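Descriptive analysis of the structure
If you want the building blocks of each chain, they are given just below.
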Amino acid sequence: MNYYSTNDYAAQMSFKEAVIKGLPKDKGLFFPHEIPTLGEDFFESLPSLSLPEIAFEVLQPYVTPDITPEDLRKICGEVFTFQIPLVEVEKDVYALELFHGPTCAFKDVGARFMSRCLQAFAEPDRPVTVLVATSGDTGSAVANGFLGLENIDVVVVYPQFGVSEIQEMQFTTLGQNTSAVGIEGTFDDCQTLVKQAFSDEDLNQKKNLSSANSINVARWLPQMVYFFHAWGQWKKLNPDAAEITISVPSGNFGNLAAGLLARQMGLPITYFVAATNRNRIVPNYLETGEYAPAPSVATIANAMDVGNPNNFPRIQELFRHELEAMQQVVKGFWADDEEIKGTIKLVHQENGYLLDPHGAIGYLSLRQLLPELKTPGIFLETAHPAKFKESMEKVLGQEIELPEQLKVFQGRQKQVTDMPNDFAGFKLLLMQEHKEGTL
Ligand SMILES: N[C@@H](CCOP(=O)(O)O)C(=O)O
């Protein structure tokens, strides 16, 4: 499969090149040259396939010929070692629990897949520096997924005051080949610094940079797999049902773009919901046709505090830049902090189900939109509620227990380089040689 830049169709690259480069030079995003479709047989067997089997079928056309079928099977087996169950929260409303992986967020899927691809592609005499901007969950998943890999250093760039205490511990305490930079700014500032680094000639001569945000195809594409798995599980429970809506809590919009790509491959999802917090750039666009990125505002659903969603060009590409076509499939929804808190409390009381602030927006969107859409719904539970321990405990007035994956971070020492939102300083920092846990 070849990939072109969303800014230049002629700029084509192989999967391997796209993964190593991360971003095209022209500041577009890599996009598959053609979108393969999966046959009826695949969809008939989907309810009985395991996650690694689904991953193999879905991803093979995208990685051929750079990854052999044998290697892909091995990678899929290593990535999907945890469950992604579909849980009924109430009649016709299901949660797809994406938080059972090592860092308790959906990002584990893409980060683990990408780390294995990059390891296979990296040249021994040309070490790679992976830059990753995070509003909370990506940083931990990438630091964990790449930890200890030879020849690959990871730099997590995050808004100093924009992530939860536990999220910060997850990527500032690992050391080895990982380090963290706390920026005086927002997630968007961090993502801009990372993108600037890719277009800086000087820096690119000295460093072999790659990105591990979902702007990298190896992070983005595997996120399709759990949409297929969700549908398979739902179909097993409801063999005669045909229509379904999936609500995707969205910040950088890689997850929704992956779901829509899966739909284009034939996955019969009737509607998607682009569910956001007060950073409602995409719901606004769906309503008005005007795409207006804005400075992000801080919310209780911090991983979605993104004012300039970086994957949106891919969603536009999937709908050939036709707003009406997008509106027919994608419904916009947003909720403020009070609505999020109210939903967490209500669902806990009514159903005994613990939503995290991001999943709460997904759930609420279904509650409000399903009567009109007339389908059952699935929302993505993108992260474990305990990752937002402080705010969850305030909302519920009771203690939240940490899962084992998070308990291990208690009492650890953070190692962070704090700095202003300034590219010159960031570049200087990146030019230094990596020392364990610091730059
Ligand atoms: N919500 C993200 C923001 C970055 O998203 P990505 O999917 O592009 O890595 C986070 O938790 O960091």
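Looking at an unreviewed UniProt entry, one finds the protein named Threonine synthase, with Rufibacter hautae as its source organism. Recorded in UniProt for the protein, the comment headed Cofactor (unreviewed entry) runs: "pyridoxal 5'-phosphate". Turning to the protein, the UniProt record has this under Catalytic activity (unreviewed entry): "O-phospho-L-homoserine + H2O = L-threonine + phosphate".

**A closer look at the site of the ligand**
As a matter of local geometry, the ligand sits amid 13 residues, with Thr-134, Asp-137, Thr-138, Ser-214 and Asn-252 nearest to it. Across the shell around the ligand, the residue classes break down as one nonpolar, eleven polar and one charged.

**Some thoughts on the UniProt feature "domain: Threonine synthase N-terminal" (unreviewed entry) in the protein**
Mapped onto the present numbering, the UniProt feature "domain: Threonine synthase N-terminal" (unreviewed entry) falls at residues 2–78. End C-alpha to end C-alpha, residues 2–78 measures 25 Å, and it is 47% helix and 18% strand.

**With respect to the pairing of strand β11 (residues 271–276)**
β11 sits mainly inside the fold: six of its six residues count as buried. Neither face of β11 is open: one carries Tyr-271, Val-273 and Ala-275, the other Phe-272, Ala-274 and Thr-276, and all of them are buried. Inspection of the sheet shows strand β10 (residues 245–249) paired to β11 by five bridges, in the parallel sense. Considered in β11, the bridge of Ile-246 is made with Phe-272. Crossover β10 to β11 through helix α12 (residues 254–264) is right-handed. Pairing geometry for β11 and strand β12 (residues 330–334), over five bridges, is parallel. Note on β12: the bridge partner recorded for Phe-272 is Val-330.

**Some words on helix α8 (residues 187–198)**
Between the first and last C-alpha of α8 there are 17 Å, a value that for twelve residues agrees with the 16 Å anticipated at 1.5 Å per step. Those residues of α8 hidden inside the fold are in contact with β6 (128–133), β7 (152–159), β8 (178–184), α9 (201–206), β9 (208–211) and α20 (423–431).

**Structural notes on the pairing of β7**
Most of β7 is tucked away, with eight of its eight residues classed as buried. Bridge count between β6 and β7: six bridges; the pairing is parallel. Each bridged residue has a counterpart across the sheet, and for Val-132 the counterpart in β7 is Val-156. Regarding topology, helix α6 (residues 137–146) serves as the crossover connection from β6 to the parallel β7, and that connection is right-handed. Of the pairings in the sheet, the one linking β7 to β8 comprises six bridges and is parallel in character. By the bridge assignment, Val-154 is partnered in β8 with Thr-178. Read as a crossover between parallel neighbours, the route from β7 over helix α7 (residues 165–172) to β8 is right-handed.

Conventions we followed
Residues numbered from 1 in each chain as written. Predicted model: local features only at pLDDT ≥ 70, side-chain atom pairs only at ≥ 80, totals over all residues. UniProt positions renumbered as here; feature names shortened; annotations may be inferred. Near = placed C-beta within 6 Å. Nonpolar A, V, L, I, M, F, W, Y, C, P; charged D, E, K, R; others polar. Helix = DSSP H or I, 4+ residues; strand = E, 2+ residues; numbered from the N terminus. Buried ≥ 20, exposed ≤ 12 C-beta atoms within 10 Å, placed from the backbone. Pairing = 2+ DSSP bridges. Right-handed = clockwise from strand over helix to strand, strands pointing away. Expected span 1.5 Å × (residues − 1). Contact = placed C-beta atoms within 7 Å.

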